[in-house]
Amino acid sequence: MSSELNDDQPGQRPDEVEPEDEASETRTHAVTLEQHGERLDKLLTGIAPEFSRAHLQGLIADGRVLVEGKVSSSASARVKAGWRVQVEMVPPAQDMAFKPEDIPLEIVHEDEHVLVVNKPAGLVVHPAAGNWSGTLLNGLLHRDPNAATLPRAGIVHRLDKDTSGLMVVGRTLAGVTGLMRDIASRVVSRKYLALVHGRLKHDDDTIEGPIGRDPKVRVRMAVVNGGKWAKTDISLVAYDQGIGAVRCTLHTGRTHQIRVHLAFRGHPLVSDELYGGRPALGMKRQALHAAHLAFKHPVTGEALSFDAAPPDDFQQAWSQIVGDDLQEDFSDDDADDEDDGNDDHRIFVR
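Computed from a prediction, not measured in an experiment: that's the story for all the values here.

With phi around 55°, glutamine 241 is a residue other than glycine that occupies positive phi space. Within the fold, glutamine 241 resides in the loop between strand E12 (231-240) and strand E13 (243-250). Looking at glutamine 241, the relative accessible area reads 51%, which means it is exposed. A positive phi is found at serine 271, a non-glycine position, where the angle reads about 65°.

As structure tokens, this is what we get:
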């Protein structure tokens, strides 16, 4: 049963609505005879046709719509001819996502064409449902206005929100194009440290399994028929207390790849609740750190190599299994890479 607008509806906006956009527009409309008796949300689709009906219903719920000068919170309320309706044209959150925000970023390397960032755990890389602001992309837009001219502000690969470590970002179109080409060609070296439950069957192993959306739990990925081919090398560093410290090398870059492959083998990451990993060693997020990144500069061809020590939570957990040698040295792995005659530029971050 629909309701009719009345004068005793509350006029104060709820405190939880997002801050008002200084550039937001307000549109005013007088209800015509033909519109008499229409639902409020249906009327708004004519006033603001660029917005979806669902978004307009959200504006009503947020107190962004006034009828006869009073806030209406009922999308199904019926309007009367002659009534004055005002709607504040606040765009959907996703339309406001690509805006600069002053977010502190740890820059490991920067030149004209590329940027290497040491991402902290908890920072989302790219705006998406539930995280339309406060992301790495927003921080990149604030740091460099030119990022707004690049696809995804120069982001060419991602880390999960709760994974820490190294990422490379393009700063020019040439940088972005070259990095995307090399990632697709699988010549960018990305290596991780992880803590997993259980003893690996083999100290050195390769996991190959196609990854796609989990048909039973849509927020997860899984090894499934018809998924995209994925390959991960696993090497055991140490084992103690029922937990293995491992090094992981990506040959592909599928969503949640390391987490999915290890869980598929029965060794979920420590504290990775989504994939069945129980908390341990004081970790409150999945025990995964992108420790090593190596690639050829997309413009100059210089070989670049970066290593980043894990943040404190991971280091403390890692040390309980491995001991004092907190940072695995990946330099020997890169020695086998094709040598083009350029000196290898290495940076280690603690």
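The next subject is the sheet that holds strand E4 (residues 84-89). Overall, antiparallel pairing links the four strands, which are arranged E1-E4-E2-E3 in an open sheet. Only two strands of the sheet have a single neighbouring strand rather than two, namely strand E1 (25-30) and strand E3 (70-71). The pairing of E1 with E4 spans six bridges and is classified as antiparallel. From the neighbouring strand, glutamate 25 faces E4, where its bridge partner is methionine 89. Contacting E1, strand E2 (65-67) and E4, helix H1 (residues 40-47) crosses the sheet at an angle of about 65° to E4.

Attention now moves to the side chain of arginine 259. Relative to the assigned elements, arginine 259 resides in helix H5 (residues 257-264). Taking the relative accessible area as the measure of exposure, arginine 259 reaches 6% and is therefore buried. The contact partners of arginine 259, leaving out residues within four places of it in the chain, are Asp160, Leu269, Asp272, Leu274, Tyr275, Gln286 and Leu288.

Calculation notes
- Residues numbered from 1 in each chain as written.
- Predicted model: local features only at pLDDT ≥ 70, side-chain atom pairs only at ≥ 80, totals over all residues.
- Heavy atoms only, no water.
- Helix = DSSP H or I, 4+ residues; strand = E, 2+ residues; numbered from the N terminus.
- Buried < 20%, exposed > 50% of the residue type's maximum accessible area, 1.4 Å probe, protein only.
- Pairing = 2+ DSSP bridges.
- Contact = heavy atoms within 4.5 Å.
- Axes fitted to C-alpha atoms, helices over the stretch in contact; angles between N-to-C directions.

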